[in-house]
Amino acid sequence: MADTGEERDGVKLTNLDQELFDGADATKRDLVDYLDAVGERFVAVLADRPLSVIRLLRGQDQFMQKNLPKYTPEWVPRTEVWAEASHRKVTYGLCNDRRTLLWFGNQRAIEYHPGLMLAGDHHPTHLIMDLDPPEGGGFGAAVAAAKLVRQVLADIGMAGALKTSGSKGVHVFVPLDGKAPADEVAAATRAVAARAERLDPELATTAFIREDRHGKVFLDATRSGGATVVAAYSPRIRPGVRVSFPIAWDDADNVKPEDFTIRTVPGLLGDRDLWAEAMPSPQTLDRGLVEEGHTIPVARVQAMHEGKRRAKARREAE
């Protein structure tokens, strides 16, 4: 299909009439229009954070892009981050303005997963709990588990904001004062999950290995350090192009993920920034959480050792 020749903010937009993906019920133009409509509020949650995006090119499988491609315009802001796993520097984009957001949209970047720390800093700005309902489990179960997290936070004088993940679950974001290092925030996140599980072990679990969850909501405490989490207002590669959207705690039982799509969200937002409005003031990380969390094994490491143990047991049983 030929280029459209349309430009916005100096960004040449191409192939706007192409469908985004099967089941999207939306074109690339719909994506770009959405990004433009929520631009100022979306940029506010992306700005100055190393950005990973999930792109979906026509006729290809989706892929996560961290390193900016060589053809990226010079005016796109960027930052270099050392990747311990691959032992190399990764050049991430920083989506600090409308022009950059439109450029990403034209690259068919559908999902936006910013880092948890600002570029050049090593202090997470939020403690984040990711609540994932079981296969076939309803959204209501994830909301109920989020309320356990809310109770844990309230018991220590902390508070968080709630949003849909844009998929099946929800995220709780607890804004921090920027003084706690990543390892302490990670420990505190594990403690929040453990305390929420203790409040209702029939509903929620911290079991990292899927087969150990037994139909319960997974309290994922691994969104820390170098991890990413899909941003508020980000589209998702889901039917109807759902959006990760802020929901008030009091309204959480009355909504469902499919209520929020790139077609509905601009109207629901109007001129407001619901995520900024919902976010409590930055808080000091509770020391009791940190101390308890340091006694809880890191889930991925524990799961790796447990997987090896089970594999060995299976081999010996054969």
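In this text the structure is predicted, and so the values were computed from the model without any measurement. (Residues numbered from 1 in each chain as written. Predicted model: local features only at pLDDT ≥ 70, side-chain atom pairs only at ≥ 80, totals over all residues. Heavy atoms only, no water.)

(A) Seen up close, the nonpolar core. Ranked by size, the top nonpolar core spans 86 residues in total, and within it F42, Y112, L131 and V172 carry the most contacts. If near-sequence neighbours (up to four positions away) are discounted, L131 is found in contact with A142, A145, A146, V149, G169, V170, V172, V217, F218 and L219. (Core = buried A, V, L, I, M, F, W, Y, C linked by side-chain atoms within 4.5 Å. Buried < 20%, exposed > 50% of the residue type's maximum accessible area, 1.4 Å probe, protein only. Contact = heavy atoms within 4.5 Å.)

(B) Broad picture of unusual backbone geometry. In this model, H214 sits at a positive phi of 50°, which is unusual for a non-glycine residue. With respect to the helices, strands and loops of the structure, H214 is situated in the loop between β11 (204-205) and β12 (217-220). Accessibility expressed as a relative area gives 63% for H214, which makes it exposed. Its identity as a non-glycine residue notwithstanding, V241 has a phi of 55°, on the positive side. (Helix = DSSP H or I, 4+ residues; strand = E, 2+ residues; numbered from the N terminus.)

(C) Inspection of the sheet that holds β11 at higher detail. With respect to topology, five strands assemble into an open sheet ordered β9-β10-β8-β12-β11, the strand pairing being mixed. Where the open sheet ends on each side, the last strands, each with one partner, are β9 (161-164) and β11. In terms of strand pairing, β9 meets strand β10 (residues 170-175) through four bridges, oriented antiparallel. Each residue of the ladder has a partner; that of T164, found in β10, is V170. Most of the contacts of helix α5 (residues 182-199) go to strand β8 (residues 126-132), to which it runs at about 40°, and overall it touches β8, β11 and β12. (Pairing = 2+ DSSP bridges. Axes fitted to C-alpha atoms, helices over the stretch in contact; angles between N-to-C directions.)

(D) View of the packing of helix α1 (residues 28-37) against helix α2 (residues 39-46). Contact pair α1 / α2: the axes reach a minimum separation of 5 Å and the direction vectors enclose 80°. Of the possible angle classes, the one that applies to α1 and α2 is roughly perpendicular. In contact with L35, D36 and A37 of α1, α2 contributes G39, R41 and F42. For the contact of α1 with α2, the per-class residue count stands at three nonpolar, one polar and two charged. (Parallel < 35°, antiparallel > 145°, perpendicular 65-115°, else oblique. Nonpolar A, V, L, I, M, F, W, Y, C, P; charged D, E, K, R; others polar.)

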